[in-house]
Amino acid sequence: MATTPLQPIVFNKGLTTDWVDLYTVPTGKKGIGIDAVVLNNYTATSRHYSIRLIQNGTPNDLNEIISGVNIRAKDNNLAPAMIGQALITGGIIQGKAEANDSININITATIIDL
């Protein structure tokens, strides 16, 4: 089984006030292992964000691995709760922020081929 380490799977994606799919493990891949996550608040006001990992079923609050974490104004967060998490084919990463145009996210992962 081949792997491709340290691939940017989400790059400078802006979060919105609604849950949005940030990444879906594509067909033809066995899965991913999350290596690094950086969220950046580029506004002059503290803002919070939430992240879900959905392996199957309907997304809901039970999928949240990060809920309402605050990022100070003009600061970033490394989201250690996501490091080492894994998803298989069809798994989804979702995110949302307290305000539109306030937080962006970057995710690097190891991709596992079939």
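Just so it is clear, the model here is predicted, and its values are computed rather than measured. (Residues numbered from 1 in each chain as written. Predicted model: local features only at pLDDT ≥ 70, side-chain atom pairs only at ≥ 80, totals over all residues. Heavy atoms only, no water.)

## Here's the deal with the overall build of the protein chain
Move 1: Of regular secondary structure, the protein chain possesses zero helices and nine strands.
Move 2: Tracing the protein chain from N to C terminus, the helices and strands come up as β-β-β-β-β-β-β-β-β.
Move 3: Its C-alpha atoms give the protein chain principal-axis dimensions of about 45 × 30 × 20 Å.
Move 4: In the protein chain, buried positions account for 39% of the 114 residues.
Move 5: Pairs at least 24 residues apart make up 81% of the contacts formed inside the protein chain by residues separated by at least 6 positions.
Move 6: For the protein chain, the computed accessible surface area is about 6000 Å², with 52% contributed by carbon and sulfur atoms.
Move 7: Within the protein chain, one finds 8 positive and 9 negative side-chain charges whose respective centroids are separated by 2 Å. (Helix = DSSP H or I, 4+ residues; strand = E, 2+ residues; numbered from the N terminus. Buried < 20%, exposed > 50% of the residue type's maximum accessible area, 1.4 Å probe, protein only. Contact = heavy atoms within 4.5 Å. Areas by Shrake-Rupley, 256 points an atom, 1.4 Å probe, with all protein chains shown as cover. Lys, Arg positive; Asp, Glu negative; His and termini not counted. Charge placed at Lys NZ, Arg CZ, Asp CG, Glu CD.)

## Here's the deal with the nonpolar core
Move 1: Ranked by size, the top nonpolar core spans 25 residues in total, and within it Ile32, Met82 and Ile93 carry the most contacts.
Move 2: Among the secondary structure elements, those contributing two or more residues to this core are strand E1 (3-14), strand E2 (20-24), strand E3 (29-41), strand E4 (47-54), strand E5 (64-71), strand E8 (92-97) and strand E9 (103-113).
Move 3: The element best represented in this core is E9, accounting for five residues. (Core = buried A, V, L, I, M, F, W, Y, C linked by side-chain atoms within 4.5 Å.)

## Here we look at the packing of aromatic side chains
Move 1: The final tally for this structure, using the stated rule, is zero aromatic pairs.
Move 2: Looking at arginine 52, its charged tip hangs above the ring of tryptophan 19, at a distance of 3.9 Å from the centre. (Phe/Tyr/Trp six-rings, centres within 6.5 Å; stacked < 30°, edge-to-face > 60°. Lys NZ or Arg CZ within 6 Å of the ring centre and 35° of its normal.)

## Some points on the environment of isoleucine 105
Move 1: Inspection of the secondary structure assignment puts isoleucine 105 in strand E9.
Move 2: In the structure, isoleucine 105 is positioned 72 residues away from glycine 33 in sequence and 17 Å away in space, judged by C-alpha atoms.
Move 3: Residue contacts for isoleucine 105: discarding those within four places in its chain leaves Val10, Phe11, Asn12, Lys13, Leu15, Leu22, Val37, Val38, Leu39 and Ile51.

## So, unusual backbone geometry
Move 1: Phi at leucine 6 is positive, roughly 50°, even though this residue is not glycine.
Move 2: In this fold, leucine 6 is placed in strand E1.

## Notes on the pattern of salt bridges
Any two side chains of opposite charge can pair, so long as their charged atoms come close to each other.
Move 1: One pass over the structure, following the stated rule, counts four salt bridges.
Move 2: Where aspartate 113 meets lysine 29, a salt bridge forms, and the shortest distance between an N and an O atom there is 2.7 Å. A residue pair is termed long-range when its members are at least 10 positions apart, and aspartate 113 in strand E9 and lysine 29 in strand E3 qualify at 84 residues.
Move 3: Of the residues examined, aspartate 113 reaches a relative accessible area of 18% and is grouped as buried. (Salt bridge = Lys/Arg side-chain N within 4 Å of Asp/Glu carboxyl O.)

## Looking at the sheet that holds E5
Move 1: Pairing in this open sheet of four strands is antiparallel, and the strands run E2-E8-E4-E5 from one edge to the other. Every other strand in the sheet has two partners, leaving E2 and E5 as the edge strands with one partner each. Each strand of the sheet is rotated relative to its neighbour by a mean of 20°, with strand direction disregarded.
Move 2: Relative to E5, E4 runs antiparallel, the two being bridged by five bridges. Across the sheet, residue arginine 47 finds its bridge partner in E5, namely isoleucine 71. (Pairing = 2+ DSSP bridges. Axes fitted to C-alpha atoms, helices over the stretch in contact; angles between N-to-C directions.)

## Focus: the side chain of aspartate 113
Move 1: Only 2.7 Å separates the side chain of aspartate 113 from the side chain of lysine 29, close enough to count as a polar contact.
Move 2: With near-sequence residues (within four places) excluded, aspartate 113 lies in contact with Met1, Ala2, Thr4, Lys29 and Lys30. (Polar contact = N/O pair within 3.5 Å; in protein donor to acceptor, adjacent residues only side chain to side chain.)

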